[in-house]
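# A structural walkthrough
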Amino acid sequence: MNQQTAPAAPAPVHLFSVPLSATRRGARLARLLAAERLNDWGLPCDPARLVIAELAANAALHGRVSGQSFRLTLSVTASGVLRIEVSDSRGDLDPSRGRSAAEVPAESGYGLLLVEELADRWGVRPGPVPGKTVWAEIDLASPR
């Protein structure tokens, strides 16, 4: 049997990764550090800053496990794609996709709708064990 392997993902031009406390303060720090890094790389902060703020807040609120942190990873490919990843320790609780406005609670739940609107793609993948990683991609070359 002849098996083909998937092509390797292109090496990122820029890469930044940091663990942060799964608290409101950690979520705020994620947004601030990401904005500083994007600025250092000469990239626009928005809409990435809003996506990062939402994913980090979700990790601190819904993905929190006592004594565990979450990880923010930013990477930029040569083709101009910014990938945002937020990994937390709650693999048993995936964010739901595609809820209608009528199904969203009055005081919360709009965050992933915001991510869906601002990111070109987003999703959830398992790991690192025992958690999950919520990711979003923004095509930097596309007009906003």
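Above: the structure in question.
## Observations concerning the packing of helix 2 (residues 48–61) against helix 3 (residues 111–118)
- Relative orientation of the contacting elements helix 2 and helix 3 amounts to 150°, with a least axis distance of 9 Å. Handedness of the helix 2/helix 3 crossing: left-handed. In this structure, helix 2 contributes Leu50, Val51, Glu54, Leu55 and Asn58 to the contact, and helix 3 contributes Gly111, Leu112, Val115 and Leu118.

## A short note on unusual backbone geometry
- Omega for the peptide link from glycine 127 to proline 128 comes to 0°, which places this bond in the cis form.
- Relative to the assigned elements, proline 128 resides in the loop between strand 4 (121–126) and strand 5 (132–139).
- Backbone torsion omega between valine 129 and proline 130 reads 10°, so that peptide bond is classified as cis.
- Tracing the sequence through the fold places proline 130 in the loop between strand 4 and strand 5.

## Side note on the environment of arginine 25
- By the secondary structure assignment, arginine 25 is in helix 1 (residues 24–40).
- Classification of arginine 25 by relative accessible area gives exposed; the value is 73%.
- In this structure the C-alpha to C-alpha distance between arginine 25 and alanine 57, which are 32 residues apart in sequence, comes to 9.4 Å.

## A closer look at the pairing of strand 2 (residues 69–76)
- Burial of strand 2 is extensive: 6 of the 8 residues sit out of reach of the surface.
- One ladder, built from 6 bridges, connects strand 2 with strand 3 (residues 81–88); its direction is antiparallel. Each residue of the ladder has a partner; that of threonine 73, found in strand 3, is glutamate 85.

## With respect to the sheet that holds strand 1 (residues 14–21)
- Judged by pairing direction, the sheet is antiparallel, and its 5 strands sit side by side in the order 1-2-3-5-4 without closing on themselves. Strand pairing shows two members of the sheet lacking a second neighbour, strand 1 and strand 4, which therefore form its edges. Averaged over all adjacent pairs, the angle separating strand axes in this sheet is 15°, with direction ignored.
- As judged from the 6 bridges shared by strand 4 and strand 5, these two strands associate in the antiparallel manner. Of the residues in strand 5, the one forming a bridge with tryptophan 122 is alanine 136.

## Considerations on the pairing of strand 5
- Strand 5 sits mainly inside the fold: 7 of its 8 residues count as buried.
- Where strand 3 lies against strand 5, 8 bridges are found, and the strand directions are antiparallel. When the bridges of strand 5 are listed, aspartate 88 appears paired with lysine 132.
- Following strand 4, the chain reverses through 5 residues before pairing antiparallel with strand 5; glycine 127 in that reversal takes a positive phi of roughly 95°.

Reading the values: the criteria
- Residues numbered from 1 in each chain as written.
- Predicted model: local features only at pLDDT ≥ 70, side-chain atom pairs only at ≥ 80, totals over all residues.
- Heavy atoms only, no water.
- Axes fitted to C-alpha atoms, helices over the stretch in contact; angles between N-to-C directions.
- Helix = DSSP H or I, 4+ residues; strand = E, 2+ residues; numbered from the N terminus.
- Left-handed = near helix turned anticlockwise from the far one by under 90°.
- Contact = heavy atoms within 4.5 Å.
- Buried < 20%, exposed > 50% of the residue type's maximum accessible area, 1.4 Å probe, protein only.
- Pairing = 2+ DSSP bridges.

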